[in-house]
Amino acid sequence: MISPAQITHLKLHGPIGAKDFAIMRSNMTLLYDLDLEDTECSIIPENAFLDKKVLMNVKLPRELLIIQENAFRGCSSLKGTLTLPEGVTTIGWAAFQGCSSLEEVVLSPALEVIRGYAFEGCTSLQQEITFPQNFTSIGEYAFANCRNLTGTLKFNSEVYMFM
């Protein structure tokens, strides 16, 4: 029998909840490749993978709508391109803060809100950010210290900056 501490790759199916995320964060200490695409999960909960420094690759649930605060904060090995599923509307406070190996984020066309510090310290992001048509608000320092971003940030006229 394999103990959770030995799991490095994980692909899940069906419904998952806060307890499942807590087990992945705390008990699966070597987990670096995670596929949640086929799970029934609309919310990545607060602190789901907080400071999980070994996590390198993640595929988010297709049904995902909200990424709560600190969900991936401090996942400094998370790398490559992170594609947000089409239904994601909200990225919580500091959700990806300190994900310093992340190179690109593909925003959801349904995205409306990015809270403060969401991508702060994502120093490897190398892209131009294009906000979707329905995007309405961005929090303070959402992209602070992302020194490799390029181009011009373009918002529609109704965007609200909140602190």
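The following refers to the structure shown.

How each quantity is defined
- Residues numbered from 1 in each chain as written.
- Predicted model: local features only at pLDDT ≥ 70, side-chain atom pairs only at ≥ 80, totals over all residues.
- Heavy atoms only, no water.
- Pairing = 2+ DSSP bridges.
- Helix = DSSP H or I, 4+ residues; strand = E, 2+ residues; numbered from the N terminus.
- Right-handed = clockwise from strand over helix to strand, strands pointing away.
- Core = buried A, V, L, I, M, F, W, Y, C linked by side-chain atoms within 4.5 Å.
- Buried < 20%, exposed > 50% of the residue type's maximum accessible area, 1.4 Å probe, protein only.
- Contact = heavy atoms within 4.5 Å.
- 1 Å grid on protein atoms, 1.4 Å probe; cavity = no way out; pocket = protein on both sides within 12 Å on 5 of 7 lines; lining within 4 Å.
- Points joined across faces, edges and corners; volume = space filled by probe spheres on them.
- Nonpolar A, V, L, I, M, F, W, Y, C, P; charged D, E, K, R; others polar.
- Polar contact = N/O pair within 3.5 Å; in protein donor to acceptor, adjacent residues only side chain to side chain.
- Axes fitted to C-alpha atoms, helices over the stretch in contact; angles between N-to-C directions.
- Salt bridge = Lys/Arg side-chain N within 4 Å of Asp/Glu carboxyl O.

Pairing geometry for strand S1 (residues 9–15) and strand S2 (residues 33–40), over six bridges, is parallel. Note on S2: the bridge partner recorded for Pro-15 is Glu-40. Since S1 and S2 lie parallel, the crossover through helix H1 (residues 18–26) that links them has a hand, and here it is right-handed.

The next point concerns the nonpolar core. One finds Ile-44, Ile-67, Phe-72, Phe-96, Ile-114 and Phe-119 to be the most contacted residues of the largest nonpolar core, which totals 45 residues. Secondary-structure elements contributing two or more residues to this core are H1, S2 and strand S8 (102–106). Residues in contact with Ile-44, not counting those within four places in the same chain, are Phe-21, Leu-36, Leu-60, Pro-61, Leu-64, Ile-66, Ile-67, Gln-68, Ala-71 and Phe-72.

Take a probe with the size of a water molecule and roll it over the atoms, and the empty space left behind shows itself. When its volume is computed, the largest pocket comes out at roughly 220 Å³. Lining the largest pocket are 16 residues, and of these Glu-37, Val-58, Lys-59, Leu-60 and Thr-83 sit closest to its centre. Contributing elements (two or more residues each) for the lining of the largest pocket: strand S4 (57–59) and strand S6 (80–83). Residues that form the lining of the largest pocket fall into these classes: nine nonpolar, three polar and four charged.

What follows covers the side chain of Gln-127. On the secondary structure map, Gln-127 appears in the loop between strand S9 (113–114) and strand S10 (128–130). At 2.7 Å, the side chain of Gln-127 and the backbone nitrogen of Val-105 are in polar contact. With near-sequence residues (within four places) excluded, Gln-127 lies in contact with Glu-103, Glu-104, Val-105, Asn-148, Leu-149 and Thr-150.

Taking strand neighbours across the sheet as the criterion, the three strands line up as S1-S2-S4 in an open arrangement whose pairing is parallel. In the strand order of this sheet, the two ends are held by S1 and S4, each with one partner. Pairwise comparison of adjacent strand axes, ignoring direction, gives a mean angle of 10° for this sheet. Here three bridges tie S2 to S4, and the two strands are oriented parallel to one another. Looking at S4, one finds that Leu-34 is bridged to Val-58.

All right, on to the pattern of salt bridges then. For the structure on display, the rule yields five salt bridges. In this structure, Asp-38 engages Lys-11 in a salt bridge whose closest nitrogen and oxygen atoms are separated by 3.3 Å. Residue Asp-38 is found in strand S2, and its partner Lys-11 is found in strand S1; the two are separated by 27 residues along the sequence. Given a relative accessible area of 27%, Asp-38 falls into the partly exposed group.

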